[in-house]
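Okay, here's what each chain looks like letter by letter:
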Amino acid sequence: SSGNASFAFTGIVELVSSRVKNGITVSDPTGRVRIYLSPELNMPSVGDEVFISGQVRPSGLLQTSVLAQNITVLGKKLLPPVPTVKLTALSESKHHLGSVEVEGTVIDITTDDVDQQYAFLLLKDEGLTLPIAFPIDEYTPDRDKLINATVRLSASYTEGGKTLSGSKTIAIIAPVQR
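Asker: Which residues make up the packing of aromatic side chains, and what values do they have?
Answerer: Within the structure shown, the criterion is met by one aromatic pair. Both rings, one in Phe7 and one in Phe9, keep their centres 6.1 Å apart while their planes meet at 45 degrees; by these two values the pair is tilted. The residues Phe7 and Phe9 share a single accessibility class, namely buried.

The structure is reproduced here in structure tokens:
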């Protein structure tokens, strides 16, 4: 059909998204891509080396959607260590869809107006504030301990929305001074 293109490649699953239904992030030496699996496919695990094929389709708003129609797990691979990155140094070309570890001061915690299953931690470092989405059912933040605390966390970076998501553990490295 019009505007569709087939693809096939081998890569390593870096992320199984909790925020995007049937979404995974796969990397190969050329970069990373978010792929949506057809509902009948089995979800791979982080670290699986996979052969994937499917269709790239226009999905509106000048976006493209990458839909896997076949996926075969070839084995397991070690993922590279998660880099520690300053919020101000996050880069689309280097970090988009990748996992990063960041530090910053929590300035607020808000619920997601669009999806009530998620909340946002607003993290600030050197004048830049980024929202970090997390599923409420997997992590319930303690406002009293987190607001104004300096924290370290790992999450997946999305340049388009300038957000980090998928964080399930938040380490407090400098507690709130009372």
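We are not done yet, so read on.
Asker: Can you explain the confidence of the model for the protein chain? Please cite residues and give values.
Answerer: On average, residues of the protein chain carry a pLDDT of 82, and 85% of them reach 70 or more. For the protein chain, strand 10 (residues 163-165) is the element with the lowest average pLDDT, namely 66, and strand 4 (residues 48-58) is the one with the highest, namely 93.

Asker: So what's going on with the pairing of strand 3 (residues 31-37)? Residues and values would help.
Answerer: Pairing analysis gives six bridges linking strand 2 (residues 23-28) to strand 3, with the strands arranged antiparallel. Within the sheet, the bridge partner assigned to Gly23 lies in strand 3 and is Tyr36. In textbook terms, the turn of a hairpin is the stretch between consecutive antiparallel strands, and for strand 2 and strand 3 this stretch comprises two residues.

Asker: Tell me about the pattern of salt bridges, and please be specific about residues and values.
Answerer: Applying the stated criterion across every chain, the model contains six salt bridges. A salt bridge links Lys86 to Glu126, with the shortest nitrogen-to-oxygen separation between them at 3.5 Å. Of this pair, Lys86 sits in the loop between strand 5 (64-76) and helix 1 (92-95) while Glu126 sits in the loop between strand 7 (118-125) and strand 8 (128-135); the two residues are 40 residues apart in sequence, bridging distant segments of the chain. If you follow the salt bridges from partner to partner, you end up with Lys86, Asp125 and Glu126 in one network.

Asker: Lay out the nonpolar core in plain terms, naming residues and giving numbers.
Answerer: Counting residues in each nonpolar core, the largest one holds 22 residues, and the members touching the most others are Val106, Leu121, Leu123, Val151 and Leu153. Among the secondary structure elements, those contributing two or more residues to this core are strand 6 (99-111), strand 7, strand 8 and strand 9 (150-158). With residues near it in sequence (within four places) discarded, Val106 still touches Leu121, Leu122, Leu123, Leu146, Ile147, Asn148, Ala149 and Val151. Grouped together as the second largest cluster of nonpolar side chains are 13 residues, Phe7, Val13, Val26 and Val50 included.

Cut-offs used in this document
- Residues numbered from 1 in each chain as written.
- Predicted model: local features only at pLDDT ≥ 70, side-chain atom pairs only at ≥ 80, totals over all residues.
- Heavy atoms only, no water.
- Phe/Tyr/Trp six-rings, centres within 6.5 Å; stacked < 30°, edge-to-face > 60°.
- Buried < 20%, exposed > 50% of the residue type's maximum accessible area, 1.4 Å probe, protein only.
- pLDDT = per-residue confidence, 0-100.
- Helix = DSSP H or I, 4+ residues; strand = E, 2+ residues; numbered from the N terminus.
- Pairing = 2+ DSSP bridges.
- Salt bridge = Lys/Arg side-chain N within 4 Å of Asp/Glu carboxyl O.
- Core = buried A, V, L, I, M, F, W, Y, C linked by side-chain atoms within 4.5 Å.
- Contact = heavy atoms within 4.5 Å.

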